[in-house]
Amino acid sequence: MRVCGESLVLVKCEPANLCFDQIVEGSPVLRSTFSAHKEGSVVYTEGVDYVVDHVAGTIHRTPASHIPDFSTNMLYGQQDFDHERFPGFSNHAWFVFADYTTTNGQPWARPNDQTQAMGATHRKLEAGGTFRVATYGDSITAGGEASEPRYRFQQRFAHYLEKQFAGVKVEVQDVSISGYSSQQGIDWFDRYMGTADQPDLALVGFGMNDHNIGGPEPALFQANLVTIVKMIRAQKGADVILFSAFPPNDDWHYGSHRMDRFADATRQAAAEAGCGYVDVWSTWEMVLRRKSPSSLLGNNINHPNDFGHWLYAQAFEAMRI
């Protein structure tokens with residue numbers, strides 16, 4: 001199995017896990033950018049900048065490495081941190097991205113049959129022509145922290161659909177409410193979702209802000225999502241896919257540490273509303289079995305980096321329409 005662009009941060013000379021062990025010798029390439037073709041990308045030298053433990057699937061910096069040391073990040077080692085006390089916080093300058101081959105890989109996302117809820121979407125995609133997708137949710141749904149628009153998960157999903165269905169041109173319009181929750185998704189529906197141009201499909205992703213301290217209980221969050229689905233159907237006539245979020249950094253002060261319950265509430269809302277569902281939560285949890293949250297978070301709090309958006313796309317591509 002070939003892995004491309006997996007992100008990680010490296011602390012001092014401590015080993016950091018890749019997603020998989022049993023790495024084929026000679027296969028790893030480590031660079032400073034998600035894309036190998038990005039101008040200015042730095043390719044690091046194995047044995048000089050880093051060392052690979054092929055059996056364990058780990059990488060560590062050398063004492064003389066040119067790879068940024070994540071221990072110099074302002075949020076490294078901070079516990080229960082309030083991000084407002086750390087202006088300029090970010091992980092982007094510390095990421096390295098790995099390509100490698102493993103003999104112990106596994107699917108990133110579980111197969112997900114959503115054909116019963118996606119009948120209209122399937123027929124339109126089979127017919128070809130222009131297919132419009134509207135994305136509605138929080139800053140993650142808006143593509144937050146992706147380095148380029150093409151790396152946002154919704155753009156990746158659009159490209160995937162174009163490959164799967166001949167003659168289809170997918171147009172994506174984002175109408176998200178960055179920084180807000182599902183309640184604002186209802187209250188401000190006309191101001192945001194109301195501007196979407198005749199979508200055939202709506203991707204709805206709230207939860208990260210709802211889960212914060214002071215947010216609604218999961219049962220109310222679930223009810224809000226069902227309401228949003230009904231509003232989209234009534235006003236736009238579009239199919240809807242709800243998708244779950246992932247756990248933010250455990251050391252962030254404002255997280256309630258209950259994202260598993262909000263992810264499950266998203267699943268239950270989709271079942272109650274009879275719409276599509278994409279399980280981002282399980283994909284992210286699989287990756288976190290070996291990797292640190294900081295290796296996936298652009299802001300070290302709650303935004304996926306380019307590899308994190310790719311993980312979202314894997315969860316979407318595991319869906320059978």
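Structure's up top.
Residues numbered from 1 in each chain as written. Predicted model: local features only at pLDDT ≥ 70, side-chain atom pairs only at ≥ 80, totals over all residues. Heavy atoms only, no water.

Enquirer: Any chance you could explain the side chain of S65 here in plain terms?
Expert: Following the sequence through the fold, S65 ends up in the loop between β5 (58-61) and β6 (96-101). A relative accessible area of 13% means that S65 is categorised as buried. Separated by 2.9 Å, the side chain of S65 and the backbone nitrogen of I67 make a polar contact. (Helix = DSSP H or I, 4+ residues; strand = E, 2+ residues; numbered from the N terminus. Buried < 20%, exposed > 50% of the residue type's maximum accessible area, 1.4 Å probe, protein only. Polar contact = N/O pair within 3.5 Å; in protein donor to acceptor, adjacent residues only side chain to side chain.)

Enquirer: Explain helix α4 (residues 218-236) here, please?
Expert: Because the α-helix completes a turn every 3.6 residues, residues three or four places apart line up on one side. Taking 1.5 Å of rise per residue, 19 residues should cover 27 Å, and α4 covers 26 Å from first to last C-alpha, within 8% of that figure. Those residues of α4 that sit buried are P218, F221, Q222, N224, L225, V226, I228, V229, M231, I232 and K236. Looking at the buried positions of α4, the neighbouring elements they touch are β8 (129-137), α3 (182-187), β10 (201-205), β11 (239-243) and α5 (259-273). Looking one or two places after α4, you find G237, whose phi comes out positive at around 65°. (Expected span 1.5 Å × (residues − 1). Contact = heavy atoms within 4.5 Å.)

Enquirer: Looking at this structure, I do not really get the pattern of salt bridges. What am I missing?
Expert: Here the idea is simple: oppositely charged side chains can pair when their charged atoms come close. Tallying each qualifying case throughout the model produces ten salt bridges. Close ionic contact of R150 with E148 constitutes a salt bridge, the shortest N to O distance being 2.8 Å. A salt bridge links D264 to R267; the nearest nitrogen and oxygen atoms lie 2.7 Å apart. Here the residue D264 and the residue R267 both occupy positions in helix α5, the gap between them amounting to three residues, near one helical turn. For R267, a relative accessible area of 40% puts it in the partly exposed group. Each of the salt bridges in this network shares a partner with another, and the network as a whole consists of K38, E148 and R150. (Salt bridge = Lys/Arg side-chain N within 4 Å of Asp/Glu carboxyl O.)

Enquirer: Hey, could you run me through the layout of surface pockets in this one?
Expert: Using a probe with the size of a water molecule, rolled over the atoms, empty space left in the structure can be pinpointed. Taken as a whole, the largest pocket holds about 340 Å³ of empty space. In this structure, the largest pocket is lined by 24 residues; those nearest its centre are V9, V11, F70, S292 and S294. For the lining of the largest pocket, the residue count by class is eleven nonpolar, eight polar and five charged. Roughly 230 Å³ of volume is contained in the second largest pocket. What lines the second largest pocket is a set of 17 residues, among which W108, A109, R110, S282 and T283 lie closest to the centre. Secondary-structure elements contributing two or more residues to the lining of the second largest pocket are β12 (276-278) and α6 (280-288). When residues in the lining of the second largest pocket are grouped by element, the largest group, three residues, is from α6. (1 Å grid on protein atoms, 1.4 Å probe; cavity = no way out; pocket = protein on both sides within 12 Å on 5 of 7 lines; lining within 4 Å. Points joined across faces, edges and corners; volume = space filled by probe spheres on them. Nonpolar A, V, L, I, M, F, W, Y, C, P; charged D, E, K, R; others polar.)

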